[in-house]
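Fold and geometry: a report
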Amino acid sequence: MNVALIIAGGKGQRMQQEIPKQFLNVNDKPVIIYTLEAFQSHPDIDAIGVVCVDGWHDILKAYARQYKITKLEWVVSGGEKGQASIRNGLFHAEELYSPEDIILVHDAIRPMVSQEIISDCIVQCRRHGSAVAVVPCNTVALRRTTEQTSSEAVPRETLALTQTPQAFRVGKLAEAHRKALELGITNSIASCTLMVELGEVVHFSIGAETNIKLTTPDDLKIFKALLALKEQV
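Bear in mind the structure is a predicted one, so any value in this text is a computation, not a measurement. (Residues numbered from 1 in each chain as written. Predicted model: local features only at pLDDT ≥ 70, side-chain atom pairs only at ≥ 80, totals over all residues. Heavy atoms only, no water.)

This paragraph deals with the overall build of the chain. Along the chain, the regular secondary structure elements total seven helices and 11 strands. Its C-alpha radius of gyration of 18 Å places the chain within 12% of the 17 Å reference for a compact globule of 233 residues. Once the C-alpha set of the chain is aligned to its principal axes, its extents read approximately 55 × 40 × 35 Å. Scored against the burial criterion, the 233 residues of the chain give a buried share of 50%. Placing the 24 positive and 27 negative side-chain charges of the chain at their respective mean positions leaves the two points 2 Å apart. (Helix = DSSP H or I, 4+ residues; strand = E, 2+ residues; numbered from the N terminus. Rg over C-alpha atoms; globule rule 2.2 N^0.38 Å. Buried < 20%, exposed > 50% of the residue type's maximum accessible area, 1.4 Å probe, protein only. Lys, Arg positive; Asp, Glu negative; His and termini not counted. Charge placed at Lys NZ, Arg CZ, Asp CG, Glu CD.)

Written out as structure tokens, the structure reads:
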């Protein structure tokens, strides 16, 4: 079984909006619905769970009914930070699914995730036990010496820029989160960083430059432009 765990627990301060950015309307549709539709339409996704910011659960469920997101099975509250939000959703999923089932952790604010990215994430996780969507680093990277200066270049061929989805076996990821709590690791920003901090090796799956994360107002402009291009195809 393949379960999509959509993380929508953040409030998105950098978007400079009063409502959480995952609920912003773009072309008369909430951002999170674009994301949910991608997993709803994928034939290998069996169920969807959402970690949602408090106060928005009923709104999310109403949107899901309106847009026929029939695979949405449950909604739980987010935590203080990203790691806690993922943990909340994961521990709930652990009660419902087998340890060997695959869970794909995905940002609600990555609405342009493609069917190909989802498919490869599932395939690589089945093959290797983990899958992290990545793209190559195509720009020069400098390591900060101070806030405003650098004296060291990082070879870009040694870097991979991570995205979501990031997939693991339910039991394996739940075990990692329990171990992190025991070790006092509480601010790991993604599933892949948590695994790496615990000494695990993670495997890559394909990402795409178009699989953007909506963090700033400029990202929203790019998203609207990508939607317009998609409609022309």
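Right, picking up where we left off after that structure.
Moving on to helix H1 (residues 31-40). With nine of 10 residues buried, H1 lies mostly within the body of the structure. Within H1, burial applies to Val31, Ile32, Ile33, Tyr34, Thr35, Leu36, Ala38, Phe39 and Gln40.

This part takes up the sheet that holds strand E10 (residues 160-169). Taken in spatial order, the seven strands line up as E5-E4-E1-E6-E10-E7-E11 in an open sheet, and their pairing is mixed. Each edge of the open sheet carries a strand with a single partner, namely strand E5 (72-77) and strand E11 (204-206). Averaged over all pairs of adjacent strands, the angle between strand axes in this sheet comes to 30°, irrespective of strand direction. Examined bridge by bridge, strand E1 (residues 2-8) and strand E4 (residues 47-52) share six bridges and lie parallel to one another. Each residue of the ladder has a partner; that of Ile6, found in E4, is Val50. Across the sheet, helix H5 (residues 170-183) touches strand E6 (102-107) and E10, and the angle it forms with E10 is around 110°. (Pairing = 2+ DSSP bridges. Axes fitted to C-alpha atoms, helices over the stretch in contact; angles between N-to-C directions. Contact = heavy atoms within 4.5 Å.)

Let us look at the pairing of E4. Counting buried residues in E4 gives six out of six residues, a clear majority hidden from the surface. Covered by surrounding structure in E4 are Ala47, Gly49 and Val51 together with Ile48, Val50 and Cys52, the residues of both alternating faces.

Side chains on a regular strand alternate between the two faces of the sheet. In this structure, strand E8 (residues 141-144) lies alongside strand E9 (residues 150-154), joined through four bridges in antiparallel fashion. What sits directly across from Ala141, in E9, is Val154. Between the antiparallel neighbours E8 and E9 lie five residues.

Our next topic: the side chain of Gln166. Tracing the chain through its elements places Gln166 in strand E10. Excluding its chain neighbours within four sequence positions, the residues that come into contact with Gln166 are Ile103, Leu104, Val105, Cys121, Ala131, Val132, Ala190, Ser191 and Cys192.

Now for the nonpolar core. Counting residues in each nonpolar core, the largest one holds 32 residues, and the members touching the most others are Ile32, Leu36, Phe39, Ile48 and Val50. Counting only elements with at least two residues in this core, the list comes to E1, H1, E4, helix H2 (57-66), E5, E6, helix H4 (115-128) and strand E7 (130-136). If we skip the residues at most four places from it in the chain, Ile32 touches Ala8, Gln22, Phe23, Val50, Leu60 and Ala108. Ranked by size, the runner-up nonpolar core spans 28 residues in total, among them Val3, Leu5, Ile86 and Ala93. (Core = buried A, V, L, I, M, F, W, Y, C linked by side-chain atoms within 4.5 Å.)

Time to look at H5. With 14 residues, H5 should reach 20 Å at 1.5 Å per residue; the first-to-last C-alpha distance of 20 Å fits that figure. Three or more residues of H5 are buried, namely Val170, Gly171, Leu173, Ala174, Ala176, His177 and Ala180. Where H5 is buried, its residues touch helix H3 (82-96), E6, E10 and helix H6 (191-197). Positive backbone phi, at 80°, marks Gly184, one or two positions downstream of H5. (Expected span 1.5 Å × (residues − 1).)

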